[in-house]
Every structure is written in structure tokens, then in C-alpha cells.
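Working through the structure, step by step
Here is what each chain is made of, one letter per residue.
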Amino acid sequence: MDVMDRKYARQREEMVRRQIAGRGISNPGVLKVMGAVPRHLFVSEALMDRAYGDFPLPIGEKQTISQPFIVAEMTQALSLTKDSRVLELGTGSGYQAAILSRLVYRVYTIERIHTLYMRARKVFDALHYFNIVPRFSDGTTGWPQEAPFDAIIVTAGAPEIPMHLTDQLADGGRLVMPVGGADTQDLLRITRVGDELVQENMGKCRFVPLIGEHGWKE
């Protein structure tokens, strides 16, 4: 491990201790992968030294990489196992998909902005995260050909819960997503129990808008 690797490893350790475990995230798998995945590789070189700070960062195209705590909170809320198949809407930087990929069997992730899609693919390949299946498309329609999913995560704010996404959940599957206005949303977890949908509100959050056929219009 060279000097830079050691520096970023220390920053990850501090990030997990202060921002994640320190705020109540307790899932051992989530804590482990948050301390292992190199978050600085998912931002521009100019922002690498800020990658482990307690805030989101711009990644271009009016998009952001989410605050580390939010990534950990949403990941923990999905209640994942090593056999889980997960759908992510909004690849963005690729960091959330990378975190998920270290915990589950396979991650399907959709990005509508081609430059972000290509950049994330390159990082996945460089890190040998080969259980991530990226797709360039309108993520708001989901991925019905690969459904049902054990978990679905939406990393942009939608005006309402898209029912076609809950239809793509397996029985017992969890959907975690922000829902509300363009400026602030509620972070919701929806669990499919047979034909019923059980909804929990995890608190206020702020995400970029989910753009697409079943989200906000450009």
C-alpha cells in the first residue's frame, strides 16, 4: 500500500467511525464495505481529497455523489443478503452500486446520462466489480426483464412512488427511495408482503430530481 492508499484508508476509517457508526448505522456488512470501497475513485481528481467529507459532491451533469451517511443508511435499510438481486435507478458516480455489489449477488443499475454511465462503467471495470450490470436507459421504467428484485434503490427524488417499481419487487422485497417535492423529500422504505405494501418514513432528505417517463420532466 503506497502513501496515497494509506491516506485514503485512514480517511475511510475516520468516515466510518464518525459519520456512519457514530450516527447509528450498525449493520456489520455495511460498515465493512463503507470502509473498503475507495470513494475517492468515484469523484474527479480535483475533489479526491474531499471525497470522505460529510457532504455530497458534484460529479457533473447537475448530479451529485450522495453524502456517505445517506449511502450507508439506504444500504442498511435494504436488508440485503449475499444472495440478493438489487436494482438501482440512477447510477450517477457508481459509488452506491459499488457499495451494494460488495454485499449482494448482483446489482443491476440504470443511468440516463451517457457520460456518467460510461465513467461509472470504467470505474467498475478498474475495480473488478464484475457483478454490477450497468445499463444506459430511462431508469424510471425499472428493468422488468430482470424482475423480480429482492431490493430496489432509487437515488433521485420522485414526485410519488412508481407503482410499476413496486410490481418489480419480489415478495418480501424492499424499495428505498426519496419521494416528495423537487427541493426536499421523505426517504421511504416500502416492503412487499404478498399483495400488500408496507410503508415506513425514514425522515427528511434532499436528492436531485428523478428525471424520466415516470418521474419529473426535464
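Higher on the page you've got the structure.
Throughout what follows, the structure given in this document is the object of discussion. Quantities reported herein were computed from a predicted structural model and do not represent experimental measurements.

On to the overall build of the protein chain, then. Secondary structure assignment for the protein chain yields six helices and nine strands. Taken against the 2.2 N^0.38 rule, which gives 17 Å for 218 residues, the C-alpha radius of gyration of the protein chain at 16 Å falls within 12% of a compact globule. Taken over 218 residues, the protein chain has a buried fraction of 50%. Sequence separation of 24 or more characterises 55% of the internal contacts of the protein chain that already satisfy a separation of 6 or more. Accessible area of the protein chain: about 10,400 Å², with a carbon and sulfur share of 51%. Distance between charge centroids for the protein chain: 6 Å, based on 26 positive and 26 negative side chains.

What follows concerns unusual backbone geometry. Note the cis peptide between alanine 147 and proline 148, where omega equals 5 degrees. Summarising the element assignment, proline 148 is placed in the loop between β5 (132-136) and β6 (149-154). Of note in this structure, glutamate 61 is not a glycine but carries a positive phi near 60 degrees. Phi at serine 79 is positive, roughly 50 degrees, even though this residue is not glycine. Topologically, serine 79 is positioned in the loop between α3 (68-77) and β3 (85-89). Of the residues examined, serine 79 reaches a relative accessible area of 40% and is grouped as partly exposed.

Attention shifts here to the sheet that holds β6. Spatially, β5-β4-β3-β6-β7-β8-β9 is the arrangement adopted by the seven strands of the open sheet, whose pairing is mixed. Edge positions in the sheet fall to β5 and β9 (196-205), since each of these pairs with one other strand and no more. Adjacent strand axes in the sheet meet at a mean angle of 15 degrees when their direction is disregarded. Pairing geometry for strand β8 (residues 185-193) and β9, over eight bridges, is antiparallel. Bridge assignment links arginine 189 to a residue of β9, and that residue is glutamate 200. The strands touched by helix α5 (residues 114-127) are β4 (106-111) and β5; relative to β5, the strand with the most contacts, the crossing angle is about 160 degrees.

A separate point is the nonpolar core. Ranked by size, the top nonpolar core spans 47 residues in total, and within it Met34, Phe42 and Tyr95 carry the most contacts. For this core, the secondary structure elements donating two or more residues are α1 (3-20), α2 (28-34), β1 (57-60), α3, α4 (95-101), α5 and β6. Ranked by residue count, the leading element in this core is α3, at six residues. What methionine 34 contacts, discounting residues up to four positions off in sequence, is Arg12, Met15, Val16, Ile20, Pro68, Val71, Ala72, Tyr95 and Ile99.

To continue, consider α3. Within α3, nine of the 10 residues are buried, leaving the element largely enclosed by the surrounding structure. If you check which residues of α3 are buried, you get Pro68, Phe69, Ile70, Val71, Ala72, Glu73, Met74, Thr75 and Ala77. A positive backbone phi angle near 50 degrees is found at serine 79, which sits one or two residues after α3.

Our next topic: the side chain of serine 93. By secondary structure assignment, the location of serine 93 is in the loop between β3 and α4. Taking the relative accessible area as the measure of exposure, serine 93 reaches 12% and is therefore buried. From its side chain, serine 93 meets the backbone nitrogen of tyrosine 95 in a polar contact 3.2 Å long.

Moving on to the pattern of salt bridges. Overall, the coordinates contain nine salt bridges when judged by the stated rule. The residue arginine 18 makes a salt bridge to glutamate 14 at a minimum N-O spacing of 2.3 Å. You can see arginine 18 and its partner glutamate 14 sitting in helix α1, four residues apart, about one turn around the helix. Here lysine 82 makes a salt bridge to aspartate 83, at a shortest N to O gap of 3.7 Å. Look at lysine 82 and you get exposed, because its relative accessible area is 63%. On the basis of relative accessibility, which here comes to 54%, the residue aspartate 83 falls in the exposed class. Through salt bridges with shared partners, a single ionic network connects Glu14, Arg17 and Arg18.

Definitions and limits used
Residues numbered from 1 in each chain as written. Predicted model: local features only at pLDDT ≥ 70, side-chain atom pairs only at ≥ 80, totals over all residues. Heavy atoms only, no water. Helix = DSSP H or I, 4+ residues; strand = E, 2+ residues; numbered from the N terminus. Rg over C-alpha atoms; globule rule 2.2 N^0.38 Å. Buried < 20%, exposed > 50% of the residue type's maximum accessible area, 1.4 Å probe, protein only. Contact = heavy atoms within 4.5 Å. Areas by Shrake-Rupley, 256 points an atom, 1.4 Å probe, with all protein chains shown as cover. Lys, Arg positive; Asp, Glu negative; His and termini not counted. Charge placed at Lys NZ, Arg CZ, Asp CG, Glu CD. Pairing = 2+ DSSP bridges. Axes fitted to C-alpha atoms, helices over the stretch in contact; angles between N-to-C directions. Core = buried A, V, L, I, M, F, W, Y, C linked by side-chain atoms within 4.5 Å. Polar contact = N/O pair within 3.5 Å; in protein donor to acceptor, adjacent residues only side chain to side chain. Salt bridge = Lys/Arg side-chain N within 4 Å of Asp/Glu carboxyl O.

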